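Take a look at the letters that make up each chain.
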Amino acid sequence: MCKHGDIERRNVQVWRRPLSSRVPLHAPATLRWVMRHPGRGAPFSVRALAVEAGCKPATIGHLLSGRYRRTEEETARRIARALGCEPAVLFLLPSSTNLDEPTG
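A short tour of the structure in this document, coming up. Bear in mind the structure is a predicted one, so any value in this text is a computation, not a measurement.

**Describing the packing of helix α3 (residues 46-53) against helix α4 (residues 57-65)**
At a minimum axis separation of 8 Å, α3 and α4 run at an interaxial angle of 120°. Taken together, the axes of α3 and α4 lie oblique to each other. Like other packed secondary-structure pairs, α3 and α4 cross with a definite hand, here right-handed. Seen from α3, the contacting residues are Val46, Leu49 and Ala50; seen from α4, they are Pro57, Ile60, Gly61 and Leu64. Taken together, the residues of the contact of α3 with α4 sort by class into six nonpolar, one polar and no charged.

Given below as structure tokens:
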């Protein structure tokens with residue numbers, strides 16, 4: 001017979017993605033600065049960046065507030081692309097062992 005706590009613990013494990021597929025943001029202040037001074041175009045609002053990067057506004061808001069410290073690698077790359085900068089400026093990306101693969 002399962003206890004209520006066992007069921008909750010199992011549900012969390014099912015829905016939580018492994019941290020290995022997520023990359024950490026260097027600092028919310030850096031993201032905020034790049035949003036105000038993008039590599040191309042006008043400054044971005046949270047909503048405008050989310051639309052351009054193809055993610056939810058809450059994702060951008062949580063990264064800016066520090067509530068989320070990591071995001072999916074593909075999301076990180078789309079955010080950086082939308083802002084016109086290299087992903088490594090904003091996020092700590094895993095290093096590639098393939099020398100032919102681009103880093104950004």
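**Here's the deal with the packing of helix α2 (residues 28-36) against α4**
Between α2 and α4, whose axes approach to 7 Å, the crossing angle comes to 125°. With respect to each other, α2 and α4 are oriented oblique. Contacts from Pro28, Leu31, Arg32 and Met35 of α2 reach α4 at Ile60, Leu63 and Leu64. Of the residues in the contact of α2 with α4, the class split is six nonpolar, no polar and one charged.

**So, the nonpolar core**
Formed by 22 residues in total, the largest nonpolar core has its most connected members in Leu31, Ile79, Leu83, Leu90 and Phe91. Here this core takes five residues from helix α5 (residues 73-83), the largest share from any one element. Look past the residues within four positions of Phe91 in its chain and what remains in contact with it is Val23, Pro24, Leu25, His26, Leu63, Thr71, Ala76 and Ile79.

**Some details on the environment of Val46**
As for its position among the elements, Val46 is in helix α3. For Val46, a relative accessible area of 30% corresponds to the partly exposed category. Considered as a pair, Val46 and Ile60 are 14 residues apart in the sequence and their alpha carbons are 6.1 Å apart. For Val46, the contacting residues outside a window of four places in its chain are Met35, Pro57, Ile60, Gly61 and Leu64.

**Some points on the pattern of salt bridges**
Taken as a whole and judged by the stated rule, the model has two salt bridges. Of the charged contacts in the structure, one is a salt bridge between Glu72 and Arg22, with a shortest N-O distance of 3.7 Å. Taken together, the residues span a long stretch of sequence, with Glu72 in strand β2 (residues 70-72) and Arg22 in strand β1 (residues 22-24) at a distance of 50 residues. Among the ionic pairs, Glu73 bridges to Arg77, the shortest N-O distance being 2.9 Å. Highlighted residues: Glu73 and Arg77, both in helix α5, separated by four residues, approximately one helical turn. For Glu73, a relative accessible area of 26% puts it in the partly exposed group.

Scoring rules and cut-offs
Residues numbered from 1 in each chain as written. Predicted model: local features only at pLDDT ≥ 70, side-chain atom pairs only at ≥ 80, totals over all residues. Heavy atoms only, no water. Axes fitted to C-alpha atoms, helices over the stretch in contact; angles between N-to-C directions. Helix = DSSP H or I, 4+ residues; strand = E, 2+ residues; numbered from the N terminus. Parallel < 35°, antiparallel > 145°, perpendicular 65-115°, else oblique. Left-handed = near helix turned anticlockwise from the far one by under 90°. Contact = heavy atoms within 4.5 Å. Nonpolar A, V, L, I, M, F, W, Y, C, P; charged D, E, K, R; others polar. Core = buried A, V, L, I, M, F, W, Y, C linked by side-chain atoms within 4.5 Å. Buried < 20%, exposed > 50% of the residue type's maximum accessible area, 1.4 Å probe, protein only. Salt bridge = Lys/Arg side-chain N within 4 Å of Asp/Glu carboxyl O.

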